[in-house]
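Per-entry structural report
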There are 2 protein chains.
Amino acid sequence: MTDGRAQAAVELHGRSLIGGTFATEGADAFRGFSPSNGRELEPTYLSARPADIERAVTLAVEAAPFLASSTGKDRARLLRRIADGFDQSAEALIDRANQETALPRPRLTGEVARTSNQLRLFAVVVEEGSWVMARIDTADPARTPPKPDVRSMLRPLGPVAVFGASNFPLAFSVAGGDTASALAAGNPVIVKAHPAHPGTSELAGQVIAEAVAECGFPAGTFSLLFDSGHTVGAALVRHPHIKAVGFTGSFRGGRALMDLAAKRPEPIPVYAEMGSANPVFILPHALAERTEQLATGLHGSFTLGGGQFCTKPGLVFVPQAASDFSDKLRTLTEQGPAFSLLTGGIASLYDKQVAERATLRTASGTKASEGFSAQTALLETTYPAFASDPNLADEVFGPTTLLIHCASAAQMLEAARSLEGHLTATILGTEEDLSQNAELLRVLETKAGRVIFNAFPTGVEVCHAMVHGGPYPATSDGRSTSVGSQAIFRFARPVAYQGLPQSALPTALRDDNPEKILRLWNGAWTQPK
Amino acid sequence: MTDGRAQAAVELHGRSLIGGTFATEGADAFRGFSPSNGRELEPTYLSARPADIERAVTLAVEAAPFLASSTGKDRARLLRRIADGFDQSAEALIDRANQETALPRPRLTGEVARTSNQLRLFAVVVEEGSWVMARIDTADPARTPPKPDVRSMLRPLGPVAVFGASNFPLAFSVAGGDTASALAAGNPVIVKAHPAHPGTSELAGQVIAEAVAECGFPAGTFSLLFDSGHTVGAALVRHPHIKAVGFTGSFRGGRALMDLAAKRPEPIPVYAEMGSANPVFILPHALAERTEQLATGLHGSFTLGGGQFCTKPGLVFVPQAASDFSDKLRTLTEQGPAFSLLTGGIASLYDKQVAERATLRTASGTKASEGFSAQTALLETTYPAFASDPNLADEVFGPTTLLIHCASAAQMLEAARSLEGHLTATILGTEEDLSQNAELLRVLETKAGRVIFNAFPTGVEVCHAMVHGGPYPATSDGRSTSVGSQAIFRFARPVAYQGLPQSALPTALRDDNPEKILRLWNGAWTQPK
């Protein structure tokens, strides 16, 4: 069995996988490519046709009632089976992802583990069951007017469209957090694969489709559609039976999906994580005490994965007197390696944005001769110059960061107040710095989904408290997170049941609490006995 | 003090109330009017000017940090002070609301109590504090890589614009559920008063402004803007410093606000409750056993408040053999009173919609000679005729309902499957009926925010489990409720704090849990000691 699976997992079909069956035909053809040398990879992939989209949606609609009435234990079993399959296919996934993204193997090995751990985290959440936020207000027939029995819990939304991200070919792609959380909440999922890693996407899709079949879920629980461009994604977002969208990618792409969804006859929620410049504030005492450590840490963070993290620190506010820090950072930048970026488009945009900032460039790294190579760039400016050019606040995707020298704490605070929404905001300081800059912290928490003290933002822990979100334009919807167990709330809505007999209620709402979950019982949070 | 307040509460200024101060000038003039005779009421009201809007927003922005750092206890005090003021002004509020809406005094007396109870419910919720959904994942420095300390909780969004509704001049208006929940979550509120009850709005606004001042909150915590038309509301929804919108009203109005908000450079959430036709399914055994009781109940429900409830049962699916039920309902309709509708516009639209359905009319009530009078209308058709005319599924606001005679249980199920989103869906049946129609219940829970068994939908209990929401087009956002304590979640977003020292954390997230709230501690829901 394991052998059979391993073998199946390395055979690539180059076709959309619709409800467990590979499409036989397709629209236009395209191929994956290797960013390290720009060459195309086998096999040829065919974009999904309108009929393929329709079939995937129809199957998802048919699967929805089964998923909605499945138990948390059923779905936990499915999620764990996907996680196991992912781990078992790790070698094939890493090989192909390494070819398609040029991300180093150790990073991809970590990403496999992160992806399967994420699936298992949601398995634990739905198996335990309290995530449905059961609320029970019992009847009081003696009241005037009589008080009815009202009970509510979270229920799934229906078919969800998920867009794979280019920069995390595993953890934010086919079997990533959006798919895991949408399935966990009881929704069928249709993934639009990112065209920059179609082979990796297909391998992950095979793992999921196999798990769906083995666990006895309907075939329409999961489909994977390929597309060389934007047609399939747009058709999914416009489709009347799609009820929510998960996306990780560029601001332009995310906003386009938001606009499409808002113009539908029935607008639907779009959860788009659109990246950000992740401002960092380095405070004076910390700078003086740990110049070298901060420079090394920042360099590691802004060049991690070639600077292609949504949480890359792209704006670094430092005191004016940060010359040792700048010197160290320049040296590290000059001595660091070259990076292959994920796609030719990303590499061209990076070169263009760095060229536009040429006058601010104080150090450059090396450049490779082939593939989508990018030269690391350190940029520096003063706060007044930064404040006078709004373009400088934009995210530059790739291995660069901008140091902004501030004349005073007041200038740093002004900088913080002027920020748009970001995924993260970071303060590097001593506790003394922090207490002297309490207002800075208060301002930053209104600008970001996550406020970090004395760490770099590029690590995003997958846990219950994580918020990988933040106000627009970091995300489409600052009330949500795409990482951590709270991501499940994006794909559910509360439903109230009034006056239903016990036998007709979902088990989560029955008096005897057979699921043994936490519930709000007549206004008091009540643990199971 | 009480005398002074009572006196202040009956003096009407006819001006917007901006951060506790009445505007001195205004744009165009308009007046409230009496629906029972169509006559205008004193005083003249002036619409807010662009400068008034700007001032209200500027004050709200200034007040936001104070509110964001206020404690739940502080805000509970404010909410209770507003509730007390509301109760103390009950007589003036009821007098004026009765003049402006023609809703009967007993109904308005109940609505005052409902409004102040709602404010007190949110006071309890924020004083208790667990609503912030605190999540704490502690550090593990020994793990590879080291696990950071991450803690998250819900934080306010910023200034919220609230639109008063015409049909609940107290409970869904200036001091209604949207204002109460937005303030409770720690957001400043700017209300755009409904022009059909400006005097009632001003009285409620005075109560809130006085409470804000007495409790030491910044003046910008609350403002009330008048407008004869749509200019002020549109300007608020477009204003870059407004972060969310609460609205109860028509589908057309709600959708217009959704579209405005979606087109902003920074799109914001709009919570629009846009009404619905609230389908009711009467099953055979119940119909046979309690024909009279069901007819009387349905008649009372669809004519309550002149049929101007968002939860009015407007579509009633009955078995073909429901002739006794129809007969009884016709008699009740013919014998029932005439109703004054809230505005001339509502009355004209009602007459137009009933006229368009003239061939379906099987009984009519009486009509008054003056004011915005409406004649109760019972409409009847067959399921095939209903299915062939999509307009028949539309909400008709006013005292009418449509009986749809279904030939079979399969036809009822088909009807349920064809429904759009509604606030409520109701099954009237015996337990035997329910178990024979289990699929009907499963379908209806995907179509409504609240599924009701053996009661009529017009009562909306204000409690923890209530969901007054439902899929589009019943609301803009089916993931929310505008009634009950869960309404607070609309105006908050999660923020994560990573690596912060205890002293810099919000109290809800400190190790020692000084607020004694429920928290998710390393994945386990933990009650305070």
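Residues numbered from 1 in each chain as written. Chains lettered and ligands numbered in written order. Predicted model: local features only at pLDDT ≥ 70, side-chain atom pairs only at ≥ 80, totals over all residues. Heavy atoms only, no water.

Some words on the relation of the copies chain B and chain A
The condition that has to hold: Here the copies are superposed with least squares, the fitted atoms being C-alpha atoms of residues at a pLDDT of at least 70 in both. When checking whether two residues touch, look at their non-hydrogen atoms; a contact exists if any pair is within 4.5 Å.
After a rotation of 180° and a shift along the axis of 0.0 Å, chain B superposes on chain A with an RMSD of 0.0 Å. Seen this way, the second copy is the image of the first under a two-fold rotation axis. Considering only C-alpha atoms, the residue of chain B closest to the rotation axis is Ala262 of chain B, which sits at 3.1 Å. By residue overlap, the copies meet face to face through one surface: 100% of the interface positions of chain B are interface positions in chain A.

A short note on the pairing of strand S18 (residues 400-406) of chain A
Residue and element names in this part refer to chain A. Operational definition: Summary of the burial criterion: residues with accessible area below 20% of their type's maximum are buried, those above 50% are exposed, and those between are partly exposed, where the area comes from a 1.4 Å probe applied to protein chains only. Strands here are runs of E lasting at least two residues and helices are runs of H or I lasting at least four, both read from the DSSP assignment and numbered beginning at the N terminus. DSSP-based pairing: two strands are paired if at least 2 bridges between them are found.
Most of S18 sits inside the fold, with seven of its seven residues counted as buried. Taking every second residue as pointing to the same face, both faces of S18 are buried, with Thr400, Leu402, Ile404 and Cys406 on one and Thr401, Leu403 and His405 on the other. Strand direction decides the pairing type here: strand S13 (residues 315-319) and S18, joined by five bridges, are parallel. Looking across to S18, one finds that Phe317 is bridged to Ile404. Bridge count for strand S17 (residues 377-382) against S18 is six bridges, and the pairing is parallel. Within S18, the position partnered with Ala377 by the bridge is Thr400.

Digging into the pattern of salt bridges
Condition: For salt bridges, the criterion is a side-chain nitrogen of Lys or Arg within 4 Å of an Asp or Glu carboxyl oxygen.
Taken as a whole and judged by the stated rule, the model has 56 salt bridges over all chains. Across the pair Arg151 of chain A and Asp149 of chain A runs a salt bridge, and its minimum N-O distance is 2.8 Å. We note that Arg151 of chain A, like Asp149 of chain A, is buried. Its salt-bridge partner being Asp87 of chain B, residue Arg120 of chain B comes within 2.8 Å of it at the nearest N-O pair. Taken as a pair, Arg120 of chain B in helix H5 (residues 105-128) and Asp87 of chain B in helix H3 (residues 72-88) lie far apart in primary sequence, 33 residues in all. By sharing partners, the salt bridges in this structure join Asp477 and Arg479 of chain A together with Asp477 and Arg479 of chain B into a single network.

A few points about helix H15 (residues 409-418) of chain B
Every α-helical turn comprises 3.6 residues, leaving residues that sit three or four positions apart pointing alike. Three or more residues of H15 of chain B are buried, namely Gln411, Met412, Leu413, Ala415 and Ala416 of chain B. Against strand S12 (280-282), strand S13 (315-319), helix H14 (383-387), strand S18 (400-406) and helix H17 (438-444) of chain B lie the buried residues of H15 of chain B.

Focus on the interface of chain B and chain A
Our working definition: Summed over both partners, the accessible area lost on bringing two parts together, with a 1.4 Å probe, is the buried area.
Every contact between the two is made by 74 residues of chain B and, on the other side, 74 residues of chain A. Roughly 5,600 Å² of surface becomes buried between chain B and chain A when both sides are summed, with 55% attributable to carbon and sulfur atoms. By the criterion of area lost to chain A, the three top residues of chain B are Arg479, Arg493 and Gln498 of chain B, representing 13% of everything that side buries. Viewed at the interface, chain A and chain B are joined by six salt bridges.

What about the side chain of Gln118 of chain B?
Residues and elements named next belong to chain B. Within the fold, Gln118 resides in helix H5. By relative accessible area, which is 3% here, Gln118 ends up buried. Not counting the four nearest positions on each side in its chain, Gln118 is found in contact with Ala171, Gly176, Gly177 and Val462.

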